[in-house]
Amino acid sequence: MQLGLSVSDSDVSSFTPLVVLELADDTKAEAITWLLNRIRGKQQNGGAELLVDQLLFPAQDGQKSNQNVFVVGSTLQRLLKGAEDVGLFKEFQDGTMRGFTYANRESFKDFYGDGEGFLSDAECQYIIKHELDTLRAKNEEHVPGYPKVKLYPGKSVVRRLQSKGVLVQYFPLHNKEDLKRLSFSWYKKIKLSFQPLDDIRHYFGEGLALYFGFLEYFTFALVPMAFIGIPYYLFDWEDYDKYVLFAVFNLVWSTVFLEVWKRCSATLAYGWGTLSHKKAFEEPRAGFHGALGFNPITGREEPVYPSSKRQLRIYLVSVPFVLLCLYLSFYVMMVYFDMENWAISIYNENPNLATGILLFVPSIIYAVVIEIMNLLYRYAAEFLTNWENHRLESSFQNHLVLKVLVFNFVNCFASLFYIAFVMQDMVLLRQSLATLLITSQILNQVMEAFLPYWLQRRRNKKVHKRMRRMMGDKELPLLEQVQLETEMNTYLGTFDDYLEQFLLFGYVSLFSCVYPLAAVLVVLNNITEVYSDAFKMCHVFKRPFSEPAANIGVWQLAFETMSIISVVTNCALIGLSSQVKAYFPESETQMILIVVAIEQMMASLERL
């Protein structure tokens, strides 16, 4: 279990550091002593039985730096016992996946000697996080030195310190050698091959590995659509009635796509031992508050917040706010159509190169406005969901995802639905889809790849220069690494990454039959996305804690819902085609019934 960091270089400690813990600069001395004693204390006495030491940074530019930065590690035996506590699954000698037990440790595959190397980096840091999170108050009524920071028996100490700002952050350290090897096999070599998902999983955990697995699968699944779309675009561009064949293919593709992914996801999760992993009992969120009450399940005192109050906040404030935002989105859409009509009228009066370019300006402006509105709404949705005071993190995430998805779907696709089914203008639909897709991809690449890369390079240069100026010729790699990583951005999870793929999936599955190059553009976007996301995870963000995951969670339902909508949309587009209408010259009702029957059959296959 070598992490590639030598603490002896800094003369700080003799153990391998795994996690960095930073307290506020003005934290009371008695609070620090109390917390460190709890971290080091024996388990039978309510401690975590971990190793912890302080890092001492010299003054920076004449100003005293934060001295309340600590590194946390553990003995190998403690980590192995912790692996049993968190319910890690490991491969048994007979090839099956079983929950790890310390008593039967030698019966597990790859366990040799004292177990050195048996646990991955991500698993070790996940175990330490679990032990820190489950440090509970005993008989203390408040945090020492902070009479107003109340405690009660069974309260998570770390969560209380986080919510009150005493604990600034804690995060796992990067492993220099492993990170270098992962970077080389992941994104430093430009090659057409599968991603090293097992290596990603060992370094970052199953949750992130599943995201990159989904990104890879989505990209490869789009290749048939792209291959068909290119000749379709070249030879049938102006014959819009021929989009029917592509719509049929699109219909089948969107139905099969997620069913195959379920199997791929289950295969990955089984190989990683998380398919049967039972989620641990969820603790209340750090920001959850309420009157002190009794939890009949755990038998502990903890904050209690009436569900009726939460429901009132949701239905009397959050829902009206979302509806107001949807109204604003529709209003902006109508302004866009007014601009589109204005541009078309100018082009019709004087058709030339300049007015031809002007035709695309409204769509470009609208695409930029959509991205800005999505960003502003995201902040508002997070604020509202936090204000609703959900007890569990899973409940918080579900409500946040629902709010964001509803608005993003309407904001991004409402204009396309209006053009397709109200205006029934396939030329304008193609133009709008192409402009929205290309503009959003350019903006995302700038915001997600180029800007973070540039900012991180500047930040790295400043930290290296500052450390060299303070240390002179003395090499203190651990101090320099911790200083650099404490200033890195915190990775907030895969929410935004899945959201981007969700919207791209919508553009392709809903309306790509009128713009066959949509799949080609998304494939190119996702190829660059793999490299930019890999770089960000390795060099822009702090290393996130691993989280065991068996699937992509609530996003599976989100993609399945989009797939069902795509079935309805493509069936409706087929019904609008003059080719299909020609088969039913006397009875349009019969045509509608047949289209609806096909749609219901495909939707039923989706739900199986």
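Residues numbered from 1 in each chain as written. Predicted model: local features only at pLDDT ≥ 70, side-chain atom pairs only at ≥ 80, totals over all residues. Heavy atoms only, no water.

Selection rule: UniProt positions are given in the numbering used here, feature names are shortened, and annotations may be inferred rather than shown by experiment.
Going by what an unreviewed UniProt entry lists, the protein is known as Anoctamin and is assigned to Sinocyclocheilus anshuiensis. Quoted verbatim from the Subcellular location (unreviewed entry) field of the UniProt record, the comment on the protein reads "Membrane". UniProt annotates the protein under Sequence similarities (unreviewed entry) with the comment "Belongs to the anoctamin family."

## Let's talk about the overall build of the protein
To keep it simple, the criterion reads: Numbered from the N terminus, helices here are DSSP runs of H or I no shorter than four residues, and strands are runs of E no shorter than two. Exposed residues in this analysis have more than 50% of their type's maximum accessible area, buried residues have under 20%, and partly exposed residues fall in between, with area computed by a 1.4 Å probe over protein chains only. Any pair of residues with heavy atoms lying within 4.5 Å of one another is described as a contacting pair.
Across its full length, the protein carries 19 helices and 10 strands. Here the protein, with 608 residues, has 52% of them falling under the buried criterion. In the protein, the share of contacts with a sequence separation of at least 24, taken over all contacts with a separation of at least 6, comes to 73%.

## Here we look at the UniProt feature "transmembrane region" (unreviewed entry) in the protein
According to UniProt, the "transmembrane region" (unreviewed entry) feature falls on residues 208-231, 243-261, 314-337, 357-379, 400-421, 433-455 and 502-524. Within residues 243-261, the helical portion is 100% and the strand portion 0%, while the C-alpha atoms at the span's ends are 27 Å from each other.

## Some points on the packing of helix H5 (residues 176-188) against helix H6 (residues 197-204)
Each pair of packed helices gets described by two things: the angle between the helix axes and the distance between those axes. Here is the rule: For helices, the fitted line uses only the C-alpha atoms of the stretch in contact; every axis is such a line through C-alpha atoms, and the angle between N-to-C directions lies from 0 to 180 degrees. With respect to orientation, any angle under 35 degrees is reported as roughly parallel, any angle over 145 as roughly antiparallel, any angle of 65 to 115 as roughly perpendicular, and every other angle as oblique. In this scheme, a crossing is called left-handed if the near helix is turned counterclockwise away from the far one by less than a right angle; it is called right-handed if the turn is clockwise. Nonpolar residues are Ala, Val, Leu, Ile, Met, Phe, Trp, Tyr, Cys and Pro. Charged residues are Asp, Glu, Lys and Arg, and all others, Gly as well, are polar.
Viewed as axis vectors pointing N to C, H5 and H6 meet at an angle of 150°, and their least axial separation amounts to 10 Å. Here H5 lies roughly antiparallel to H6, going by the angle between them. Regarding H5 and H6, the two cross each other, and that crossing is left-handed. Between H5 and H6, the residues in contact are Asp178, Leu179, Leu182, Ser185 and Trp186 and Asp199, Ile200, Tyr203 and Phe204, respectively. Of the residues in the contact of H5 with H6, the class split is six nonpolar, one polar and two charged.

## Examining the pattern of salt bridges
Pairing between side chains becomes possible if they bear opposite charge and their charged atoms approach one another. Filter applied, for reference: For this analysis, a salt bridge means a side-chain nitrogen from Lys or Arg found within 4 Å of a carboxyl oxygen belonging to Asp or Glu.
Under the counting rule described, the total for this entry stands at 15 salt bridges. The partner of Arg38 in a salt bridge is Glu140, with the nearest N and O atoms 3.4 Å apart. Highlighted residues: Arg38 in helix H1 (residues 29-40) and Glu140 in the loop between helix H3 (121-133) and strand S6 (142-143), separated in sequence by 102 residues. We note that Arg38, like Glu140, is buried. Between Arg181 and Asp178 there is a salt bridge; the shortest N-O distance is 2.0 Å. Here the residue Arg181 and the residue Asp178 both occupy positions in helix H5, the gap between them amounting to three residues, near one helical turn. A cluster of three or more residues bridged by salt bridges with shared partners is formed by Lys90, Glu123, Arg201 and Glu206.

## A look at a nonpolar patch on the surface
Here is the rule we go by: Patch criteria: residues need more than 30% relative accessible area and no salt bridge. Like-charged residues are merged within 9 Å; nonpolar side chains of Val, Leu, Ile, Met, Phe, Trp and Tyr are merged within 5 Å. Using a 1.4 Å probe, the Shrake-Rupley method yields the accessible areas, and only the shown protein chains count as cover for residues.
A cluster of nonpolar side chains, namely Ile438, Ile442, Val446, Met447, Phe450, Leu451 and Trp454, defines an oily patch on the protein surface of about 690 Å² accessible area. Mapped onto the elements of the fold, Ile438 is located in helix H13 (residues 426-471). On the accessibility criterion, Ile438 (34% relative accessible area) is partly exposed.

## Looking at the nonpolar core
Filter applied, for reference: Here, nonpolar core refers to any group of buried Ala, Val, Leu, Ile, Met, Phe, Trp, Tyr and Cys residues whose side-chain atoms link them within 4.5 Å.
Membership of the largest hydrophobic core comes to 102 residues, with the highest contact counts inside it found for Trp186 and Trp555. Each residue touching Trp555, except ones within four places of it in the same chain, is listed here: Val401, Leu405, Phe495, Tyr498, Leu499 and Phe502. Grouped together as the second largest cluster of nonpolar side chains are 46 residues, Leu80, Val143, Val149 and Leu161 included.

## Side note on the packing of aromatic side chains
Put simply, the rule is: The rule is short: rings of Phe, Tyr and Trp, with Trp giving its six-membered ring, pair when the centres are within 6.5 Å, and they are stacked under 30 degrees, edge-to-face over 60, tilted in between. When the NZ atom of lysine or the CZ atom of arginine is within 6 Å of a ring's centre and also within 35 degrees of its normal, the charge is said to sit over that ring.
Scanning the model with the defined rule gives 41 aromatic pairs in all. Consider the rings of Tyr377 and Phe407, whose centres lie 4.1 Å apart with planes at 15°: the pair is stacked. Of the two residues, Tyr377 is situated in helix H11 (residues 361-387) and Phe407 in helix H12 (residues 393-423); the sequence distance between them amounts to 30 residues. Judged by relative accessible area, Tyr377 falls into the buried class, the value being 4%. Here the aromatic rings of Phe409 and Phe417 are separated by 6.1 Å at their centres, their planes lie at 45°, and the arrangement is tilted. Accessibility expressed as a relative area gives 22% for Phe417, which makes it partly exposed. When the ring centre of Tyr102 is taken as origin, the NZ or CZ atom of Lys81, which lies over that ring, is 5.4 Å away. For the cation-ring pair, Lys90 lies above Phe118, with the distance from its terminal atom to the ring centre recorded as 5.1 Å.

## Brief notes about the sheet that holds strand S8 (residues 167-172)
Remark on secondary structure: sheet strands pair via backbone hydrogen bonds, oriented parallel or antiparallel. Operational definition: For two strands to pair, DSSP has to find at least two bridges joining them.
Within the open sheet, the four strands sit side by side as S2-S3-S1-S8. Their pairing is antiparallel. Unpaired on one side and paired on the other, strand S2 (51-55) and S8 mark the two borders of the sheet. Going across the sheet, the axis of each strand differs from the next one's by a mean of 20°, ignoring polarity. Where strand S1 (residues 19-23) and strand S3 (residues 69-73) come together, four bridges link them in antiparallel fashion. Each residue of the ladder has a partner; that of Glu22, found in S3, is Val69. Here helix H14 (residues 477-486) sits on the sheet and contacts S1, S2, S3 and S8; the angle it forms with S8, its principal contact strand, is near 115°.

## A look at the environment of Val406
Checked against the element boundaries, Val406 lands in helix H12. Through-space distance from the C-alpha of Val406 to that of Val322 is 8.6 Å; in sequence the pair is 84 residues apart.

## Points about the side chain of Thr274
Secondary-structure assignment places Thr274 in the loop between helix H8 (243-272) and strand S9 (291-294). For Thr274, the contacting residues outside a window of four places in its chain are Glu206, Ala269, Pro548, Ala549 and Ala550.

## Some points on the packing of H8 against helix H17 (residues 554-576)
Interhelical geometry of H8 versus H17 gives an angle of 165° and a closest axis separation of 9 Å. Taken as axis vectors, H8 and H17 run roughly antiparallel relative to one another. Here H8 runs over H17; the crossing is left-handed. Residues Tyr243, Val244, Ala247, Val248, Asn250, Leu251, Ser254, Thr255, Leu258, Trp261 and Lys262 of H8 pack against Gln556, Phe559, Glu560, Ser563, Ser566, Val567, Asn570, Cys571, Leu573, Ile574 and Leu576 of H17. Taken together, the residues that form the contact of H8 with H17 break down as 13 nonpolar, seven polar and two charged.

## Brief notes about H8
Each turn of an α-helix holds 3.6 residues, which means side chains three or four residues apart point in the same direction. Note the following rule: A helix is expected to span 1.5 Å multiplied by its residue count minus one.
Its 30 residues give H8 an end-to-end C-alpha distance of 43 Å, which sits within 8% of 44 Å, the value for a rise of 1.5 Å per residue. Phi for Gly273, located one or two positions after H8, is positive at around 80°.

## Here's the deal with the confidence of the model for the protein
The condition that has to hold: pLDDT gives the predictor's per-residue confidence on a scale running from 0 to 100.
Summary statistics for the protein give a mean pLDDT of 82 and a share of 83% for residues scoring 70 or more. Low pLDDT (under 50) marks residues 1-13, which in the prediction has 41 contacts with non-local residues, meaning those over four places away or in another chain.

## Side note on the environment of Ser509
Stated precisely, the cut-off is as follows: What qualifies as a polar contact is a pair of N or O atoms within 3.5 Å, subject to a donor-acceptor requirement within protein and to the restriction that residues adjacent in sequence count only when both atoms come from side chains.
On the secondary structure map, Ser509 appears in helix H15 (residues 495-511). Considered as a pair, Ser509 and Val567 are 58 residues apart in the sequence and their alpha carbons are 8.3 Å apart. For Ser509, the contacting residues outside a window of four places in its chain are Asn250, Trp253, Ser254, Met562, Ser566 and Asn570. A polar contact is formed between the side chain of Ser509 and the backbone oxygen of Phe505, at a distance of 2.7 Å.

## Concerning the side chain of Asn570
Relative to the elements of secondary structure, Asn570 occurs in helix H17. Overall, Asn570 belongs to the buried group, its relative accessible area being 0%. Of the polar contacts made by the side chain of Asn570, one reaches the backbone oxygen of Ser566; its length is 2.7 Å. Setting aside chain neighbours within four positions, we find Asn570 in contact with Ala247, Asn250, Leu251, Ser509, Leu510 and Cys513.

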